[in-house]
Amino acid sequence: MARHQSILLTAFSNGVLNKITTPIHHFLFDGSDPKINLDKQYKKDLVEKWMFEQEVIERHKKARIFQGKLTELICATWIDAQGWKIDTLEALGGHFDIDAISPDNVPCAIEVKFVGQEDVSFGNVVQSIESGKPLAGCCNIYDGYNFFLFKAYEAAKQLLSNTIKRSLAFVIISNMAFDLDTSISVIGLDRRPFRLIEDASEKWQSFLNLKKMENRFKNIDRDLDDTIGRINELWIIKQGNYFDYSLNKKLIF
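Residues numbered from 1 in each chain as written. Predicted model: local features only at pLDDT ≥ 70, side-chain atom pairs only at ≥ 80, totals over all residues. Heavy atoms only, no water.

Novice: Help me understand unusual backbone geometry in this model?
Specialist: A positive phi is found at Asn105, a non-glycine position, where the angle reads about 70°. With respect to the helices and strands, the residue Asn105 is situated in the loop between strand 4 (98-101) and strand 5 (107-115). A positive phi angle is found at Phe243, which is not glycine, with a value near 65°. With respect to the element layout, Phe243 can be found in the loop between strand 7 (233-239) and strand 8 (245-252). Phe243 sits in the buried class, given a relative accessible area of 14%. (Helix = DSSP H or I, 4+ residues; strand = E, 2+ residues; numbered from the N terminus. Buried < 20%, exposed > 50% of the residue type's maximum accessible area, 1.4 Å probe, protein only.)

Novice: Which parts of the structure should I look at to understand the pattern of salt bridges?
Specialist: When the charged atoms of two side chains lie near each other, side chains of opposite charge can form a pair. The full count for this structure, using the stated rule, is 13 salt bridges. Among the ionic pairs, Glu154 bridges to Lys113, the shortest N-O distance being 3.9 Å. Here Glu154 is found in helix 6 (residues 141-159), whereas its partner Lys113 is found in strand 5, with 41 residues between them in sequence. The pair Glu154 / Lys113 is uniform in exposure class, with both members buried. A salt bridge links Asp225 to Arg192; the nearest nitrogen and oxygen atoms lie 2.8 Å apart. (Salt bridge = Lys/Arg side-chain N within 4 Å of Asp/Glu carboxyl O.)

Novice: Explanation requested: the packing of aromatic side chains in the structure shown.
Specialist: Any aromatic ring pair is given by two values, namely how distant the centres are and how the planes are angled relative to each other. The final tally for this structure, using the stated rule, is 11 aromatic pairs. Note on Trp78 and Tyr245: the rings are 5.9 Å apart at their centroids and 75° apart in plane angle, and the pair reads as edge-to-face. Placement of the pair is Trp78 in helix 4 (residues 56-80) and Tyr245 in strand 8, with a sequence separation of 167 residues. We classify Tyr245 as buried; its relative accessible area is 10%. Taking 4.8 Å as the distance between ring centres and 45° as the angle between the ring planes, the aromatic pair formed by Phe150 and Phe217 counts as tilted. On the criterion of sequence distance, the pair formed by Phe150 in helix 6 and Phe217 in the loop between helix 8 (202-212) and helix 9 (220-229) is long-range, its members being 67 residues apart. (Phe/Tyr/Trp six-rings, centres within 6.5 Å; stacked < 30°, edge-to-face > 60°.)

Novice: What exactly am I supposed to notice about the nonpolar core here?
Specialist: For soluble globular proteins, the rule of thumb is that nonpolar side chains tend to be buried together. Counting residues in hydrophobic clusters, the biggest one holds 38 residues, and the most contacted among them are Leu28, Ile79, Ile98, Ile110 and Phe170. Sorting the residues of this core by element identifies helix 1 (7-13), helix 2 (18-28), helix 4, strand 3 (85-89), strand 4, strand 5, strand 6 (166-173) and strand 7 as the ones contributing at least two each. Not counting the four nearest positions on each side in its chain, Ile110 is found in contact with Ile79, Trp84, Phe96, Asp97, Ile98, Leu159, Leu168 and Phe170. Ranked by size, the runner-up nonpolar core spans 34 residues in total, among them Tyr153, Ala177, Ala200 and Leu234. (Core = buried A, V, L, I, M, F, W, Y, C linked by side-chain atoms within 4.5 Å. Contact = heavy atoms within 4.5 Å.)

Novice: Explain the sheet that holds strand 3 here, please?
Specialist: Sheet strands line up and pair through hydrogen bonds in the backbone, either parallel or antiparallel. Strand order in this open sheet of six strands is 3-4-5-6-7-8, and the pairing throughout is mixed. If you trace the sheet from one side to the other, it starts and ends with strand 3 and strand 8, each paired once. Direction aside, the axes of adjacent strands within the sheet are offset by 25° on average. Helix-sheet contacts for helix 4 involve strand 3, strand 4, strand 5, strand 6, strand 7 and strand 8, and the interaxial angle to strand 5 is about 145°. (Pairing = 2+ DSSP bridges. Axes fitted to C-alpha atoms, helices over the stretch in contact; angles between N-to-C directions.)

Novice: Even after reading the chapter, I still don't get the environment of Phe114, so can you show me in this structure?
Specialist: Take Phe114: it is sitting in strand 5. Among the residues examined, Phe114 registers a relative accessible area of 11% and is labelled buried. Each C-alpha atom, one on Phe114 and one on Ile237, is 9.5 Å from the other, the two residues being 123 residues apart in sequence. If near-sequence neighbours (up to four positions away) are discounted, Phe114 is found in contact with Arg64, Gln67, Gly68, Thr71, Lys151, Ile172, Ser174 and Gln239.

Novice: Hey, could you run me through the environment of Lys43 in this one?
Specialist: Considering the arrangement of structural elements, one finds Lys43 in helix 3 (residues 40-45). For Lys43, the contacting residues outside a window of four places in its chain are Pro34 and Leu38.

Novice: Would you mind going over empty space enclosed by the protein with me for this structure?
Specialist: If you roll a probe as big as a water molecule over the atoms, it shows you where there is empty space left. Counted according to the given criterion, the structure contains one cavity of 30 Å³ or more. Of the pockets and cavities examined, the largest cavity occupies roughly 30 Å³. Surrounding the largest cavity, Gln67, Leu70, Thr71, Ile74, Gln239 and Phe243 form its lining. Per element, the largest residue contribution to the lining of the largest cavity is four residues, and it comes from helix 4. Looking at the lining of the largest cavity residue by residue, the classes come out as three nonpolar, three polar and no charged. (1 Å grid on protein atoms, 1.4 Å probe; cavity = no way out; pocket = protein on both sides within 12 Å on 5 of 7 lines; lining within 4 Å. Points joined across faces, edges and corners; volume = space filled by probe spheres on them. Nonpolar A, V, L, I, M, F, W, Y, C, P; charged D, E, K, R; others polar.)

Purely spatial values, then, with no claim about function.
Put into structure tokens, the structure is as follows:
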């Protein structure tokens, strides 16, 4: 990614293109044609064009969004292989990212959040490649922890409209999201109630203040724990080098 090479081309070069194409063809196609109920915006977002952005960081941000769309489909394939039955997807007009029946026959509504490499960490990698010298940097572990809670909260907010099915939030952590992975490991997720840590950096506070301007996040400080606690399960899933998923931790509320 630091060399700005197409994700699809990279997957092809490593012999794992089928990890991307199989979910797309399985869920979104009827034969050789896209399904008639395939969401137009979703179809547009699955066209890989992030490489055409002029600025380095913008390319990185758009690539992360593109991966997020792929993640929903790959995640559906991952649980399907574990005995889940996929009813529908948001890509096909469903209300949630994934509507599925669990192996124990329980209807579930699932929201999927992808966490990629942080912008600063990515910038360090780019500079290292361009200079030919290693470049180290430190992170504020509270930033990563807060950002994870933010993504869990975002998923939980989207699941509040579900009153019938079991609610699950999947947070997929990229193998390149080193900072967030470290934050979760050091601080842990067993501390309740969930609270955003105040000793985070100014960068985090700026991000949070910007998000609070959106109506859906304005009360996050007050209702973070209650909102996350309303879902039934929170899964932390690790994404490997070749789109392989493994369950890292499951929190049941």
